[in-house]
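For reference, the chains in residue letters:
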Amino acid sequence: MNEPWIIITESLRRELAEYGCLLRLFEDQQNFLFNRDANAVLRLSAEIEQQVRYLQESRRTREEAVATFAASHGHPVNATLRSLIPLFMADVRPLMEALIGEVNVLIHRVRRASRHNHTLLARTVDTH
């Protein structure tokens, strides 16, 4: 069986990829909004919903891996991954920190893009 840190880092990488895909979809949606392409915006909305489901599944998988690792080391299953970093080998810790940091950056970028697109959609609806 794979080392727990490998399972967790692969889960984080998958989650990063899903956030990246979602961010790209939001950027595409924004371009379609600026180009007033209603059909493309509508089609993309369905793709965004599907991507959010992929992201939720990826996040759930990562949270399960972290909970399993935490429990196996006598920590609460709801412990944050960042709080568990000292339990990993010293040479793995920088990788974990970097992946956690990148996930957090993408979370903020996705939230900002989502809010921005929501505002654009609302304004578009208001003008029509």
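Residues numbered from 1 in each chain as written. Predicted model: local features only at pLDDT ≥ 70, side-chain atom pairs only at ≥ 80, totals over all residues. Heavy atoms only, no water.

Asks: Now, about the overall build of the chain: what can you tell me, with residues and values included?
Replies: Along the chain, the regular secondary structure elements total four helices and zero strands. What you see in the chain, going N to C, is helices and strands ordered as α-α-α-α. A globule of 128 residues ought to have a C-alpha radius of gyration of about 14 Å, yet the chain, at 18 Å, is considerably larger. Each principal axis of the C-alpha distribution contributes one length, and for the chain these read about 60 × 20 × 20 Å. Expressed as a percentage of the 128 residues in the chain, the buried residues total 33%. By sequence separation, contacts in the chain at least 24 residues apart represent 64% of the contacts at least 6 residues apart. When the accessible surface of the chain is summed, it comes to about 8,200 Å², and 55% of that surface belongs to carbon and sulfur atoms. Within the chain, one finds 16 positive and 16 negative side-chain charges whose respective centroids are separated by 5 Å. (Helix = DSSP H or I, 4+ residues; strand = E, 2+ residues; numbered from the N terminus. Rg over C-alpha atoms; globule rule 2.2 N^0.38 Å. Buried < 20%, exposed > 50% of the residue type's maximum accessible area, 1.4 Å probe, protein only. Contact = heavy atoms within 4.5 Å. Areas by Shrake-Rupley, 256 points an atom, 1.4 Å probe, with all protein chains shown as cover. Lys, Arg positive; Asp, Glu negative; His and termini not counted. Charge placed at Lys NZ, Arg CZ, Asp CG, Glu CD.)

Asks: Before we move on, can you summarise the environment of Ile100 with the specific residues and values?
Replies: Within the secondary structure layout, Ile100 lies in helix H4 (residues 93-127). You can call Ile100 buried: its relative accessible area is 8%. Sequence separation between Ile100 and Arg13 is 87 residues, and the spatial gap between their C-alpha atoms is 9.6 Å. Setting aside residues up to four positions removed in sequence, Ile100 forms contacts with Leu12, Leu81, Arg82 and Ile85.

Asks: Quick one: what's the story with the nonpolar core, residue by residue and with numbers?
Replies: Membership of the largest hydrophobic core comes to 29 residues, with the highest contact counts inside it found for Ile8, Leu12, Tyr19, Leu81, Leu84, Phe88 and Met96. For this core, the elements supplying multiple residues, two or more each, are helix H1 (4-34), helix H2 (38-72), helix H3 (81-84) and H4. In contact with Phe88, not counting residues within four places along its chain, are Trp5, Ile8, Phe69, Leu81, Arg93 and Met96. (Core = buried A, V, L, I, M, F, W, Y, C linked by side-chain atoms within 4.5 Å.)

Asks: Mind laying out H1, listing which residues take part and the relevant values?
Replies: With 31 residues, H1 should reach 45 Å at 1.5 Å per residue; the first-to-last C-alpha distance of 45 Å fits that figure. Directly beyond the C-terminal end of H1, a positive phi value near 55 degrees is found at Arg36. (Expected span 1.5 Å × (residues − 1).)

Asks: Residue-level account of the environment of Glu10, with values.
Replies: Summarising the element assignment, Glu10 is placed in helix H1. The class for Glu10 is partly exposed, based on a relative accessible area of 34%. As for Glu10 and Arg62, which are separated by 52 residues in sequence, their C-alpha atoms are 8.6 Å apart.

Geometric descriptors of this kind do not, in isolation, establish any biological role.
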